[in-house]
Number of protein chains: 2
Amino acid sequence: MRIYGDSISGNCLKVKWVADHLGLAYDWMETGVLGGETRAPSFLALNPAGQVPVVVLSDGRPLAQSNAIIFHLAEGSPLIPADAYDRARMLEWMFWEQYSHEPYIAVARFHVKYLGKPVADLEPKLVERGHAALARMEQALAGGGFLVGDAASLADVALAAYTRMAGDGGFDLSAYPAVAAWITRVEAALNIRD
Amino acid sequence: MRIYGDSISGNCLKVKWVADHLGLAYDWMETGVLGGETRAPSFLALNPAGQVPVVVLSDGRPLAQSNAIIFHLAEGSPLIPADAYDRARMLEWMFWEQYSHEPYIAVARFHVKYLGKPVADLEPKLVERGHAALARMEQALAGGGFLVGDAASLADVALAAYTRMAGDGGFDLSAYPAVAAWITRVEAALNIRD
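Here, residues in each chain are numbered from 1, in the same order as that chain's written sequence. Chain labels run from A onward and ligand labels from 1 onward, assigned in the order the entries are written. Reporting of local features is limited, given that this is a predicted model, to residues whose pLDDT is at least 70; pairs of side-chain atoms are given and counted only at 80 or more, and all residues count toward the totals for whole chains, interfaces and linings.

**Quick look at the overall build of chain A**
Next up, step 1: Each helix is a run of DSSP H or I of at least 4 residues and each strand a run of E of at least 2, with the numbering of both proceeding from the N terminus. The number of helices and strands found in chain A is 7 helices and 4 strands.
Next up, step 2: The linear arrangement of helices and strands in chain A, starting from the amino end, is β-α-β-α-β-β-α-α-α-α-α.
Next up, step 3: Over its C-alpha atoms, taken along the principal directions, chain A stretches across nearly 45 × 45 × 25 Å.
Next up, step 4: Once C-beta atoms have been placed from the backbone, residue pairs whose C-beta atoms lie within 7 Å are recorded as contacts. Long-range pairs, those at least 24 residues apart, make up 66% of the contacts in chain A with a sequence separation of at least 6.

**Observations regarding the sheet that holds strand β2 (residues 27-30) of chain B**
All names here are of chain B.
Next up, step 1: Criterion used throughout: strands pair if DSSP finds at least two bridges between them. Strand order in the open sheet made by the 4 strands is β2-β1-β3-β4, with mixed pairing throughout. The sheet terminates laterally at β2 and β4 (62-64), the two strands that pair on one side only. For this sheet the average axis-to-axis angle between neighbouring strands, irrespective of direction, equals 20°.
Next up, step 2: For strand β1 (residues 2-5) and β2, the ladder comprises 4 bridges, and the chain directions are parallel. Following the sheet pairing, Y4 is matched in β2 by M29. For every element, the axis is a line fit to its C-alpha atoms; helices are fit only across the contacting stretch, and the angle between N-to-C directions ranges from 0 to 180 degrees.

**Remarks on the nonpolar core**
Next up, step 1: Here a nonpolar core is just a set of buried residues of the types Ala, Val, Leu, Ile, Met, Phe, Trp, Tyr and Cys, joined wherever their C-beta atoms sit within 7 Å. The burial label depends on the number of other C-beta atoms within 10 Å of a residue's C-beta. Counts of 20 or more mean buried, 12 or fewer mean exposed, and intermediate counts mean partly exposed, with C-beta atoms placed from the backbone. Counting residues in each nonpolar core, the largest one holds 108 residues, and the members touching the most others are W93, L154 and A155 of chain A together with W93, L154 and A155 of chain B.
Next up, step 2: In this view, W93 of chain A contacts L147, V148, A155, A158 and L159 of chain A; residues no more than four positions away in its chain are not counted.

**With respect to the domain arrangement of chain A**
Residue and element names in this part refer to chain A.
Next up, step 1: Either an automatic procedure or a domain database provided the assignment from which the domain bounds are taken. Looking at the assigned domains, one finds that chain A contains domain 1 (2-74) and domain 2 (84-190).
Next up, step 2: The C-alpha-based centres of domain 1 and domain 2 are spaced at 21 Å.
Next up, step 3: Tallying the contact residues gives 13 residues for domain 1 and 11 residues for domain 2.
Next up, step 4: Broken down by element, the residue count for the side of domain 1 that touches domain 2 peaks at 7 residues, all from helix α1 (residues 10-22).
Next up, step 5: Basically, the charged four are Asp, Glu, Lys and Arg, the nonpolar ten are Ala, Val, Leu, Ile, Met, Phe, Trp, Tyr, Cys and Pro, and anything else, Gly included, counts as polar. Residues of the side of domain 1 that touches domain 2, tallied by class, amount to 8 nonpolar, 4 polar and 1 charged.

**Description of the environment of A188 of chain A**
Residue and element names in this part refer to chain A.
Next up, step 1: Counting through the fold element by element, A188 comes out in helix α7 (residues 177-190).
Next up, step 2: On the neighbour-count criterion, A188 (10 C-beta atoms within 10 Å) is exposed.
Next up, step 3: Considering only alpha carbons, one finds A188 and A133, 55 residues apart in sequence, at a separation of 23 Å.

**Points about the packing of helix α3 (residues 66-74) of chain A against helix α4 (residues 84-114) of chain B**
Next up, step 1: As a packed pair, α3 of chain A and α4 of chain B sit with axes 8 Å apart at the nearest point and diverge in direction by 160°. Classified by the interaxial angle, the pair formed by α3 of chain A and α4 of chain B is roughly antiparallel. Every pair of crossing elements has a handedness; the one defined by α3 of chain A and α4 of chain B is right-handed. Contacts from N67, A68, F71 and H72 of chain A in α3 of chain A reach A84, A88, L91, E92 and F95 of chain B in α4 of chain B. An angle counts as roughly parallel when it lies under 35 degrees, as roughly antiparallel when it exceeds 145, as roughly perpendicular when it falls between 65 and 115, and as oblique in every other case. Note on convention: near helix rotated counterclockwise from far helix by under a right angle means a left-handed crossing. Clockwise means right-handed.

**Describing the pairing of strand β1 (residues 2-5) of chain A**
Next up, step 1: As judged from the 3 bridges shared by β1 of chain A and strand β3 (residues 54-56) of chain A, these two strands associate in the antiparallel manner. Along β3 of chain A, the bridge assignment pairs I3 of chain A with V55 of chain A.

Shown next as structure tokens:
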């Protein structure tokens with residue numbers, strides 16, 4: 001399997017973490033977003049959407065969208081709950097992540113860390129919605145544990161990716177202690193270091 | 001089962017179409033977004049994210065996020081491909097829909113049809129990205145058929161919801177003939193009329 005990803009991207013790290021956790025063999029193909037490599041014709045042939053991550057499975061078939069990729073890699077593993085309702089709740093968090101979390105938390109980080117914009121110049125709506133996402137997670141995690149059920153699932157993988165980097169975009173996680181404690185638990189459960 | 005939804009929302013119609021197609025019994029609980037009903041405490045108790053649709057299953061447990069809901073309702077049905085790779089491709093389209101299609105096609109429609117903004121006043125980036133989404137679908141559907149495999153799947157449900165209303169936001173589907181023909185096929189396959 002080949003994983004095309006940019007190491008600065010939380011979406012790409014999700015795929016690496018799941019592959020490492022499950023002991024899957026892969027070649028990491030570093031693909032720079034900032035350098036325009038995702039717009040090259042050879043890359044667009046793999047993913048017409050021009051986004052990383054993309055995996056090319058051992059039979060040569062490509063697959064894109066971080067959360068679809070990790071769902072595929074983890075099918076049959078404990079990272080996907082066996083109970084149908086818990087599995088649906090896991091997907092609920094994963095769709096929420098892409099719609100209501102990543103566009104604010106990850107985009108703020110990108111603007112500040114990679115485009116050099118001061119935190120004070122971020123669009124107020126972006127900051128407000130990022131805090132709303134973190135507040136919702138704080139509420140869900142107030143009792144400890146993981147997002148769904150008693151063990152780490154793909155919901156935790158998907159949400160941890162950019163939440164643990166939220167500070168890069170000016171979001172102070174000390175205001176969200178349940179979220180901060182959950183990050184430590186997820187990192188330990190999945191052996192995340194990078 | 002109760003479905004809390006706003007009839008003007010394509011995300012909510014996805015759930016109705018799948019429930020109707022599968023012959024599932026439900027009570028439709030009309031929940032107006034414009035009237036602020038999704039911000040009422042009783043609704044936030046069902047979905048702290050304050051978004052429709054939400055279903056309350058027959059055992060009383062709630063589930064949110066349109067694409068997670070339809071995945072749950074359709075588990076074990078032909079709307080989800082039995083092949084693992086096809087299932088992952090279906091999810092790829094569903095995550096892409098929420099990240100790269102809905103925020104442009106549905107948001108443009110909302111601004112024009114429900115907030116009264118002239119099409120000419122839409123943010124250029126919104127229009128550009130909406131057209132990029134439609135162009136990607138046109139490319140994928142150029143050969144006819146459905147988005148994944150030989151039959152309608154949840155990928156078609158998720159993408160049809162707002163694509164068939166794209167004209168409301170000023171996107172002329174006559175420029176995307178393969179997409180327009182696919183909409184007719186999806187509507188026929190799922191018996192969609194509303």
